[in-house]
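# Observations on the model geometry
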2 protein chains.
Amino acid sequence: MRKSFLELHHEFERVLLNLGFSPERADACAQIFTQNSCDGVYSHGLNRFPVFIGDIKKGYIDIHASPKLVKSMGVIEQWDGQLGLGVLNAQFCMQRAIELAKQNGMGCVALKNTNHWMRGGTYGWQAADAGCIGINFTNTIGIMPPWGGKSPAIGNNPLIIAVPRKEGHIVLDMAMSQFSYGKMQEAELKNQELPYFGGYDNADQLTRDPKIIQQNKRSLPIGFWKGSGLAMMLDLLATLLSGGKSTGAITQTGEEKGVSQVYICFDLETYENSEALINQILTFTNSADKINDAEITYPGERTLQTRKYNLANGIPVDEKMWAVLLSL
Amino acid sequence: MRKSFLELHHEFERVLLNLGFSPERADACAQIFTQNSCDGVYSHGLNRFPVFIGDIKKGYIDIHASPKLVKSMGVIEQWDGQLGLGVLNAQFCMQRAIELAKQNGMGCVALKNTNHWMRGGTYGWQAADAGCIGINFTNTIGIMPPWGGKSPAIGNNPLIIAVPRKEGHIVLDMAMSQFSYGKMQEAELKNQELPYFGGYDNADQLTRDPKIIQQNKRSLPIGFWKGSGLAMMLDLLATLLSGGKSTGAITQTGEEKGVSQVYICFDLETYENSEALINQILTFTNSADKINDAEITYPGERTLQTRKYNLANGIPVDEKMWAVLLSL
């Protein structure tokens with residue numbers, strides 16, 4: 001089943017208005033959720049929307065709160081998200097980082113007490129649309145064992161790096177686990193093994209069984225010890241620069257709210273020759289001999305293809321999730 | 001065989017002075033190579049020194065060149081390394097990034113036309129010693145296949161993130177391949193398989209055979225498609241921000257020289273409560289249940305242990321490499 005961008009947007013907006021969102025906020029939130037589905041990130045578009053609504057109803061998210069400036073230090077700003085809407089707080093802070101970069105070449109905004117931003121790539125595309133290199137990351141609740149451990153004690157902190165390009169931005173949006181819980185669920189529903197090791201079984205052996213990993217929460221960081229270390233560093237940076245909650249502190253509250261985030265921008269429009277250098281890099285990487293009929297893509301290439309296809313043909317929606325949305 | 005820090009330093013210095021280094025430069029370079037071995041990174045200390053000397057003799061490195069300011073844009077500076085000594089150029093640029101951060105909260109230095117910095121962590125420790133969060137990365141010659149490819153067309157671009165801490169800095173120093181060529185050579189010499197998949201064999205299957213991967217140059221990026229994408233992003237950022245050579249352009253010259261690098265610092269001394277937040281994060285991560293008798297360490301923890309041990313007991317040196325050093 002496919003729905004148009006407008007249909008999906010309209011239904012999201014309707015639900016949000018009914019919850020008391022201002023028209024501007026309902027529109028802005030609906031836009032982000034619709035775009036996430038349109039870009040093929042269904043797990044953080046339609047399929048996540050009911051959870052988001054649930055969190056609002058539970059009072060985890062203050063739908064009227066706005067970010068508050070804590071401290072301005074020239075090219076760096078600290079903001080308090082006041083437990084508001086994660087998607088709008090994130091959009092606001094990336095916009096501030098863009099503005100700081102336009103004024104100073106670069107800018108950094110650190111945000112504390114915010115909520116789930118859904119898909120981190122949203123804000124990478126935003127930076128790139130503004131002609132900026134964007135780097136953003138968030139911490140999360142403890143959801144993955146650190147290297148050497150078997151109970152969760154690091155976040156699956158995603159890192160986004162975006163580079164603007166006329167023919168299509170290059171946007172890396174990667175979490176620290178080899179497979180997301182969404183991917184593992186998908187494989188389980190299809191009765192498939194994961195294509196590569198995705199975690200540990202209960203006998204401490206690496207496994208491709210998505211069911212076991214979802215049960216024991218022993219997902220595998222990318223590159224084993226390396227992804228585990230990188231997850232720690234992102235938590236350190238987000239916590240220190242924002243003065244907010246660490247993965248540990250979030251975990252102790254028992255709910256994933258009040259997370260810490262960082263947004264860094266460089267204004268690439270002040271640099272000469274960027275398009276040529278970018279295309280040189282993409283062309284070189286794509287020049288490698290391919291494994292059989294494999295494609296070599298740059299980060300974000302498939303997102304753009306999916307976006308174009310879905311805009312032309314409608315956005316695929318899960319029938320059950322669509323029914324849930326209509327019932328909200 | 002173990003040698004004291006001073007003995008090793010003295011021999012390095014002697015060779016460099018004989019090559020026409022100024023006393024200051026000979027001392028500074030010797031210090032970095034000795035510290036790398038002292039910290040347990042033998043591959044980029046003593047064991048790399050003869051290659052470094054060879055590159056100088058081949059004329060790849062101008063031992064008298066100094067970095068030249070290309071453009072100053074407030075908190076961002078672009079420098080030209082003028083094909084000088086990679087280790088001193090790197091140290092200089094991290095020092096500039098520290099100074100910019102001390103003045104402005106943060107600073108970024110992009111460096112083009114420089115040479116191999118040996119161990120990227122050196123400059124992370126430098127930033128942390130100055131009370132700064134440091135982020136630095138370099139591109140390299142094309143040495144790894146991108147995801148989907150089977151011939152090298154991305155760099156094994158290392159990423160370093162450092163956080164200062166009184167009891168010992170936290171320093172992540174990770175290249176994008178699962179195993180370095182140094183580690184693969186070590187395993188091969190011991191007739192061991194790699195502990196995890198490290199690359200592809202000639203039938204396009206994942207393999208733990210270090211010999212095959214060293215032959216076919218098909219090493220595996222961390223997290224498969226994720227590390228491949230991150231390597232591309234680091235090349236993009238280093239090339240764009242410095243206006244220097246990309247991995248592709250370096251590869252086309254046939255020699256790994258004239259690489260591009262980025263140094264970013266945040267002055268953490270202006271933030272309150274950092275030590276407590278850092279220790280909270282380390283304590284939380286270490287609270288995970290352990291797999292058997294595994295240790296959970298933070299990035300840099302083992303480096304510091306090794307440093308202390310080697311300072312007290314002497315630095316392990318390979319007998320053959322020591323003989324080579326004495327013969328230089």
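Residues numbered from 1 in each chain as written. Chains lettered and ligands numbered in written order. Predicted model: local features only at pLDDT ≥ 70, side-chain atom pairs only at ≥ 80, totals over all residues. Heavy atoms only, no water.

## Quick look at the interface of chain B and chain A
At the junction of the two partners, chain B supplies 83 residues and chain A supplies 83 residues. Of the roughly 6,900 Å² buried between chain B and chain A on both sides combined, carbon and sulfur atoms contribute 77%. Interface area lost by chain B to chain A is led by Lys 226, Leu 240 and Phe 284 of chain B, which between them contribute 11%. Summed over the shared surface of chain B and chain A, the number is 0 salt bridges. Seen at the junction of chain B and chain A, the total is 14 residue pairs in polar contact (both at pLDDT 80 or more). At 12 residues, the largest contribution of residues to the side of chain B that touches chain A is made by helix 8 (residues 225-242) of chain B. Grouping the amino acids of the side of chain B that touches chain A by side-chain chemistry returns 51 nonpolar, 23 polar and 9 charged. (Contact = heavy atoms within 4.5 Å. Buried area = accessible area lost by both parts, 1.4 Å probe. Salt bridge = Lys/Arg side-chain N within 4 Å of Asp/Glu carboxyl O. Polar contact = N/O pair within 3.5 Å; in protein donor to acceptor, adjacent residues only side chain to side chain. Helix = DSSP H or I, 4+ residues; strand = E, 2+ residues; numbered from the N terminus. Nonpolar A, V, L, I, M, F, W, Y, C, P; charged D, E, K, R; others polar.)

## Some words on the nonpolar core
Ranked by internal contacts, the top residues of the largest apolar core, which has 180 residues, are Phe 52, Tyr 263 and Phe 266 of chain A together with Phe 52, Tyr 263 and Phe 266 of chain B. Sequence-distant contacts of Phe 52 of chain A, that is, excluding residues within four places in its chain, are made with Leu 16, Phe 21, Phe 33, Ile 61, Leu 85 and Met 118 of chain A. Tyr 200 and Leu 206 of chain A together with Phe 179 and Leu 194 of chain B belong to the second largest nonpolar core, which has 10 residues in total. (Core = buried A, V, L, I, M, F, W, Y, C linked by side-chain atoms within 4.5 Å. Buried < 20%, exposed > 50% of the residue type's maximum accessible area, 1.4 Å probe, protein only.)

## Some details on the packing of aromatic side chains
Evaluation of the coordinates by the stated rule reveals 31 aromatic pairs over all chains. Consider the rings of Trp 79 of chain A and Phe 92 of chain A, whose centres lie 4.8 Å apart with planes at 70°: the pair is edge-to-face. Here Trp 79 of chain A, found in strand 3 (residues 76-80), pairs with Phe 92 of chain A, found in helix 4 (residues 86-104); they are 13 residues apart in sequence, far enough to count as distant. When its relative accessible area of 10% is taken as the criterion, Trp 79 of chain A is described as buried. Look at Phe 92 of chain A and you get partly exposed, because its relative accessible area is 32%. Considering the side-chain rings of Trp 117 of chain B and Tyr 123 of chain B, the 5.7 Å spacing of their centres and the 35° angle between planes classify their relative orientation as tilted. For Tyr 123 of chain B, a relative accessible area of 0% translates into the label buried. Of the aromatic side chains, those joined through ring pairs into one cluster are Trp 147, Phe 224 and Trp 225 of chain A together with Phe 179 and Tyr 196 of chain B. Over the face of the ring belonging to Trp 125 of chain A we find Arg 307 of chain A, whose NZ or CZ atom lies 4.3 Å from the ring centre. (Phe/Tyr/Trp six-rings, centres within 6.5 Å; stacked < 30°, edge-to-face > 60°. Lys NZ or Arg CZ within 6 Å of the ring centre and 35° of its normal.)

## Observations regarding the relation of the copies chain B and chain A
Overlay of chain B on chain A (RMSD 0.0 Å): rotation 180°, translation along the axis 0.0 Å. Such values leave the two copies arranged in the relation of a two-fold axis. Considering only C-alpha atoms, the residue of chain B closest to the rotation axis is Gly 223 of chain B, which sits at 2.5 Å. In this assembly the copies share their binding face: 100% of the residues contributing to the interface of chain B also contribute to that of chain A. (Least-squares fit on C-alpha atoms with pLDDT ≥ 70 in both.)

## Concerning the pattern of salt bridges
A pair can form between side chains of opposite charge whenever their charged atoms are brought close. Residue and element names in this part refer to chain A. Applying the stated criterion to the full structure yields 24 salt bridges over all chains. One salt bridge connects Arg 96 with Glu 77, and the closest N-O pair in it is separated by 2.6 Å. Here the residue Arg 96 occupies a position in helix 4, and Glu 77 occupies one in strand 3, the gap between them amounting to 19 residues. Here Arg 96 and Glu 77 have matching classes, each one buried. Members of the salt-bridge network, linked through shared partners, are Asp 39, Arg 119 and Arg 307.

## Notes on the environment of Ala 187 of chain B
All names here are of chain B. Take Ala 187: it is sitting in helix 6 (residues 181-189). You can call Ala 187 buried: its relative accessible area is 8%. Spatially, the C-alpha atoms of Ala 187 and Asp 209 are 8.9 Å apart, while their sequence positions differ by 22 residues. If we ignore the near neighbours within four places in the chain, the residues touching Ala 187 are Gln 192, Leu 194 and Pro 210.

## Notes on helix 2 (residues 23-38) of chain A
Working note: α-helix, 3.6 residues per turn, so residues spaced by three or four point in the same direction. Residues and elements named next belong to chain A. Helix length check: helix 2 (16 residues) gives 22 Å between terminal C-alpha atoms against 22 Å at 1.5 Å per residue, within 8%. By the burial criterion, the buried members of helix 2 are Arg 25, Ala 26, Cys 29, Ala 30, Ile 32, Phe 33, Thr 34, Asn 36, Ser 37 and Cys 38. Following helix 2 by one or two positions, Gly 40 has its phi on the positive side, about 90°. (Expected span 1.5 Å × (residues − 1).)

## Concerning the domain arrangement of chain A
Residues and elements named next belong to chain A. Considered domain by domain, chain A is made up of domain 1 (2-177 + 221-270 + 315-327) and domain 2 (178-220). Spacing between the C-alpha centres of domain 1 and domain 2 amounts to 25 Å. In this complex, domain 1 contributes 11 residues to the contact, which on the side of domain 2 involves 11 residues. A buried area of about 890 Å², summed over both sides, lies between domain 1 and domain 2, and 58% of it is on carbon and sulfur atoms. At the boundary of domain 1 with domain 2, the tally comes to 0 salt bridges. (Domains from an automatic or database assignment.)

## Section: the sheet that holds strand 3 (residues 76-80) of chain B
Residue and element names in this part refer to chain B. As summarised here, the arrangement of the 7 strands in space is 2-3-4-12-5-8-9, forming an open sheet in which the pairing is mixed. Of all strands in the sheet, those bounded by a partner on one side alone are strand 2 (68-73) and strand 9 (170-174). The average undirected angle you get between the axes of adjacent strands in this sheet is 10°. Note that strand 2 and strand 3 share 5 bridges and pair antiparallel. Within strand 3, the position partnered with Ser 72 by the bridge is Glu 77. (Pairing = 2+ DSSP bridges. Axes fitted to C-alpha atoms, helices over the stretch in contact; angles between N-to-C directions.)

## What to know about the pairing of strand 12 (residues 259-267) of chain A
All names here are of chain A. Most of strand 12 is tucked away, with 9 of its 9 residues classed as buried. On strand 12, burial covers both faces: Val 259, Gln 261, Tyr 263, Cys 265 and Asp 267 on one face and Ser 260, Val 262, Ile 264 and Phe 266 on the other are all buried. As defined by bridge partners, strand 4 (residues 106-114) adjoins strand 12 across 7 bridges and the pair is classed as antiparallel. Bridged to Thr 114 within strand 12 is Val 259. Where strand 5 (residues 132-138) lies against strand 12, 7 bridges are found, and the strand directions are antiparallel. Within strand 12, the position partnered with Gly 134 by the bridge is Cys 265.

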